[in-house]
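Chain by chain, the residues run as shown.
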Amino acid sequence: MRLSIALLIAGISSAAAFTPASLSTNNVAHKSALSVASVPRTEASSSVSGSEDWTPDSWTNAVAKQMPIYEDPEELAGAVRELEKVAPLVFAGEVRSLHEKLARVSQGQGFVLMGGDCAESFKEFHVNHIRDNFRVIMQMALVMTFGSAMPIVKIGRMAGQFAKPRSEPNEVIDGVSLPSYRGDNVNKEDFTPESRRNDPNLMVKAYYQSAQTLNILRAFSTGGFADISRLHAWNLDFVEDTAEGSRYRKLASKVDESLRFMKAIGIDTSGPEFASVDFYTAHECLLLPYEQALTRQDSTTGKWYDCSSHMLWVGERTRDLDGAHLEFTRGIGNPLGVKVSDKCTPDELIRIINTMNPQNIPGKLSIIVRMGAEKLRKNLPELIRAVQREGKAVVWISDPVHGNTRKTDNGFKTRDFDNVRAELRAFFDVHDEMGSHPGGVHVEMTGEDVTECTGGVSSVTDESLKERYNTACDPRLNGSQALELAFLIAERMRLRTGLPPL
């Protein structure tokens, strides 16, 4: 019991010093260790850990898919220059801390919980929205930690998850064709020529909102809100009266008993390891001018880090071996992820791994699997077998939502909870068969009481989707559905370790 609690509430270690180096285009000496890196880069500014031919802008020599077309190059250059001058959103020490945790997960000593909105928006930005997403992730982590007696690495799809890939570059309504909505950091949702114009200045606006989001998250994770003694307060109001809310209260009472026992035997439960948590951020590496502009060099190690987020992943549509997104990510020191579907062959996966993690560093790369249950059972074993044969160190993460999207008769895009659960079950089954470690789950969810995904204890149906369908992009699990998923994962992890049911 004590082990479960201690694993849950490991405190945030102090970040190592991070100072971006200053690079100029005319090879002058650094003015200050605190200067911000600027672009274009010199040839001498290649990645210490990567290839000598890599620079933060070398991606511009490759094909960049899913990139918006900006009508005014000078306006784009001006936005990039402004972003080059801003402070980093995350720091090298924080990134290394996450990398260390992921390295342990790759060795079977932890589990990743990654969750958050499909896409952040400017109009939904509010401290309460961030708080509620943080609360439901904390609830899920508590359930999964207590259930598995294993540390849970908590990562929010927050503070940068704005851009989304699109199936078509343009959207046609009533014969009118306009650029597709690509996320609030690219253009606006309203179907007008003014709103759908790709505006590079929105990247700057997204940066400042991300800075506020991270400030709020740091306050919640270290300022008392995450204190283990407040675990009952994490229950969302609309979840409180559900079956999953009741299960959570019972589990929280067990944790309370453990805390009282620890106090009784002389353990101080008021220390930082009980009052704060490690919480990290991640988003899809999609809008490369933004990512390049926020890339900084750590003066203590010489490595390059994309300081827009602790972790970045490359999506299914942009993971081409000769593409710009893999070219950019191969040179940065951040932990990386890559999403793969049933379209990915074992040979292709090994080549992707060799590109993104050529030194085979544990914790560097996560394989995020999104296939649907049936295709996963058919295709995942061969991928795992290839990774095992080549001796590659990866974290296997299930994304059980993206392969289970459908459109209802009344036009709503949704996901069935039963299908999400079936893909997760298949993910665990395959890893059991292969002797590998199921290392995490990646879900689109929200702390709000939305009706966007059907099924689960919330009993959302196709007919009730319209009641609170708020997403501007893909459907999200609501708080009760997310908590139900956490209990399912916890029970499965207990089964793997031989522990009795919760």
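Structure report, in brief. (Residues numbered from 1 in each chain as written. Predicted model: local features only at pLDDT ≥ 70, side-chain atom pairs only at ≥ 80, totals over all residues. Heavy atoms only, no water.)

## Side note on the overall build of the protein chain
Rules: Note on conventions: DSSP H or I runs of at least 4 residues are helices, E runs of at least 2 residues are strands, and numbering of each starts at the N terminus. Exposure is judged per residue with a 1.4 Å probe applied to protein chains only, and the accessible area is read against the type maximum: over 50% gives exposed, under 20% gives buried, and values in between give partly exposed. Any two residues having at least one pair of non-hydrogen atoms within 4.5 Å are treated as being in contact. Here the open area of atoms and residues is found with the Shrake-Rupley method and a 1.4 Å probe, where only the protein chains shown may cover a residue.
When its secondary structure is counted, the protein chain shows 13 helices and 14 strands. Expressed as a percentage of the 502 residues in the protein chain, the buried residues total 59%. Expressed as a percentage of contacts within the protein chain between residues at least 6 apart in sequence, the contacts between residues at least 24 apart total 75%. About 19,700 Å² of surface is accessible on the protein chain, with carbon and sulfur atoms providing 50% of the total.

## Digging into the side chain of Asn 185
Threshold: Here a polar contact is taken to be a pair of N or O atoms separated by no more than 3.5 Å, where protein atoms must pair a possible hydrogen donor with a possible acceptor and residues adjacent in sequence count only if both atoms sit in side chains.
Relative to the helices and strands, Asn 185 resides in the loop between strand 4 (176-179) and helix 5 (201-222). A relative accessible area of 5% means that Asn 185 is categorised as buried. Here Ala 163 takes part through its backbone nitrogen, which lies 3.4 Å from a polar atom of the side chain of Asn 185.

## A closer look at the sheet that holds strand 2 (residues 152-156)
How we decide: Two strands pair under a simple rule: DSSP has to find at least two bridges between them. Helix axes use the C-alpha atoms of the stretch in contact, all axes being lines fitted to C-alpha atoms, and the angles between their N-to-C directions lie in the range 0 to 180 degrees.
One closed barrel accounts for eight strands, arranged 1-2-5-8-9-10-11-14; its pairing is parallel. Between one strand axis and the next, the sheet turns by 30 degrees as a mean value, whatever way the strands run. Seen against the sheet, helix 12 (residues 417-434) touches strand 1 (111-116), strand 10 (365-369), strand 11 (395-398) and strand 14 (438-444) and runs at an angle of roughly 165 degrees to strand 14.

## Focus on the nonpolar core
Threshold: In plain words, nonpolar cores are sets of buried Ala, Val, Leu, Ile, Met, Phe, Trp, Tyr and Cys residues tied together by side-chain atoms within 4.5 Å.
Of all hydrophobic cores here, the largest spans 89 residues; its most connected members are Ile 367 and Trp 396. Take this core: its biggest share by element is 11 residues, from helix 4 (residues 127-148). By size, the runner-up hydrophobic cluster in this structure holds 21 residues, among which are Leu 89, Leu 287, Tyr 290 and Cys 307.

## Some points on the pattern of salt bridges
Short version of the rule: Definition used for salt bridges: Asp or Glu carboxyl oxygen within 4 Å of a side-chain nitrogen of Lys or Arg.
Counting across every chain of the model gives 36 salt bridges. The salt bridge involving Arg 406 is made with Asp 462; its shortest N-O contact spans 2.7 Å. Taken together, the positions of Arg 406 in strand 12 (residues 405-407) and Asp 462 in the loop between strand 14 and helix 13 (479-497) put the pair 56 residues apart, joining distant regions of the chain. Where Arg 468 meets Glu 467, a salt bridge forms, and the shortest distance between an N and an O atom there is 3.8 Å. The partly exposed category is assigned to Arg 468, whose relative accessible area is 32%. What you see here is one network of salt bridges that share partners, running through Arg 157, Lys 164, Lys 413, Arg 415, Glu 444 and Asp 474.

## Here's the deal with the packing of helix 10 (residues 346-356) against helix 11 (residues 373-390)
In plain terms, the rule: Relative orientations are named as follows: roughly parallel for angles under 35 degrees, roughly antiparallel for angles over 145 degrees, roughly perpendicular for angles from 65 to 115 degrees, and oblique for any other angle. Crossing handedness is read from the near helix: turned anticlockwise from the far helix by less than a right angle, it gives a left-handed crossing, and turned clockwise, a right-handed one.
In the contact formed by helix 10 and helix 11, the axes pass within 9 Å of each other and the chain directions differ by 50 degrees. Between helix 10 and helix 11, the crossing angle belongs to the class labelled oblique. Along this stretch, helix 10 crosses helix 11, giving a crossing that reads as right-handed. Contact with helix 10, carried on its side by Pro 346, Leu 349, Ile 350 and Ile 353, involves Glu 382, Leu 383, Ala 386, Val 387 and Glu 390 of helix 11 and no other residues of that element.

## As for the environment of Glu 484
Its place among the elements puts Glu 484 in helix 13. Taking the C-alpha atoms as reference points, Glu 484 and Ser 458, 26 residues apart in sequence, are found 9.5 Å from one another.

## Some details on helix 5
To be explicit about the condition: Helix span, as expected, comes to 1.5 Å for every residue beyond the first.
With 22 residues, helix 5 should cover 32 Å at 1.5 Å per step; its first-to-last C-alpha distance of 32 Å lies within 8% of that length. Two residues or fewer after helix 5 comes Gly 224, characterised by a positive phi angle close to 115 degrees.

## A few points about the packing of helix 2 (residues 73-85) against helix 5
Definition in use: Each residue gets one label: Ala, Val, Leu, Ile, Met, Phe, Trp, Tyr, Cys and Pro are nonpolar, Asp, Glu, Lys and Arg are charged, and the others, such as Gly, are polar.
Taken N-terminus to C-terminus, the directions of helix 2 and helix 5 make an angle of 20 degrees; their axes are 8 Å apart at the nearest point. Considering the angle they form, helix 2 stands roughly parallel to helix 5. Note that helix 2 runs across helix 5; the crossing there is right-handed. Residue-level inspection shows Glu 75, Leu 76, Ala 79, Val 80, Glu 82 and Leu 83 of helix 2 in contact with helix 5, the latter providing Asn 201, Met 203, Val 204, Tyr 207 and Tyr 208. For the contact of helix 2 with helix 5, the residue count by class is eight nonpolar, one polar and two charged.

## Comments concerning the pairing of strand 14
In terms of burial, strand 14 is largely enclosed, as seven of its seven residues are buried. Pairing of strand 11 with strand 14, which is carried by three bridges, proceeds in the parallel orientation. In the strand pairing of strand 14, Trp 396 is matched with Pro 438.

## Some words on the pairing of strand 8 (residues 311-314)
Selection rule: Note on handedness: a crossover is taken as right-handed if, strands pointing away from the viewer, the path from the first strand over the helix to the second is clockwise.
Where burial is concerned, the two faces of strand 8 agree: the one with Met 311 and Trp 313 and the one with Leu 312 and Val 314 are both buried. Of the strand pairs in this sheet, strand 5 (residues 280-284) and strand 8 are connected by three bridges, and their pairing is parallel. By the bridge assignment for strand 8, His 283 is matched with Leu 312. Bridging between strand 8 and strand 9 (residues 336-340) involves three bridges; their strand directions are parallel. Bridging across to strand 9, Trp 313 finds its partner in Gly 337. Taken together, strand 8, helix 9 (residues 324-329) and strand 9 constitute a β-α-β crossover, and its handedness is right-handed.

## Details of the environment of Val 443
Inspection of the secondary structure puts Val 443 in strand 14. Assessed through its relative accessible area of 1%, Val 443 is described here as buried. As for Val 443 and His 402, which are separated by 41 residues in sequence, their C-alpha atoms are 8.6 Å apart. The contacts of Val 443, once residues within four sequence positions are left out, are Met 114, Gly 115, Gly 116, Arg 157, Pro 400, Val 401 and Leu 485.

## Let's talk about the state of the cysteines
Disulfide: a covalent bond connecting the sulfur atoms of a pair of cysteines. Quick reminder of the rule: Two cysteine sulfur atoms form a disulfide, by the criterion used here, when they sit within 2.5 Å.
Summed over the entire model, instances satisfying the criterion amount to zero disulfides. Of all cysteine sulfurs, the one in Cys 118 lies closest to Cys 473, which takes part in no disulfide; the gap is 3.2 Å. Looking at Cys 473, the relative accessible area reads 13%, which means it is buried.

## Description of the environment of Thr 446
Along the chain, the position of Thr 446 falls in the loop between strand 14 and helix 13. Take Thr 446: its relative accessible area is 0%, and that puts it in the buried class. With 29 residues separating them along the chain, Thr 446 and Pro 475 place their C-alpha atoms 9.8 Å apart. Residues contacting Thr 446, with those up to four places away along its chain left out, are Asp 117, His 129, Asn 133, Val 136, Arg 476, Leu 477, Asn 478 and Gly 479. Side-chain polar atoms of Thr 446 contact the backbone nitrogen of Glu 448, separated by 3.1 Å.

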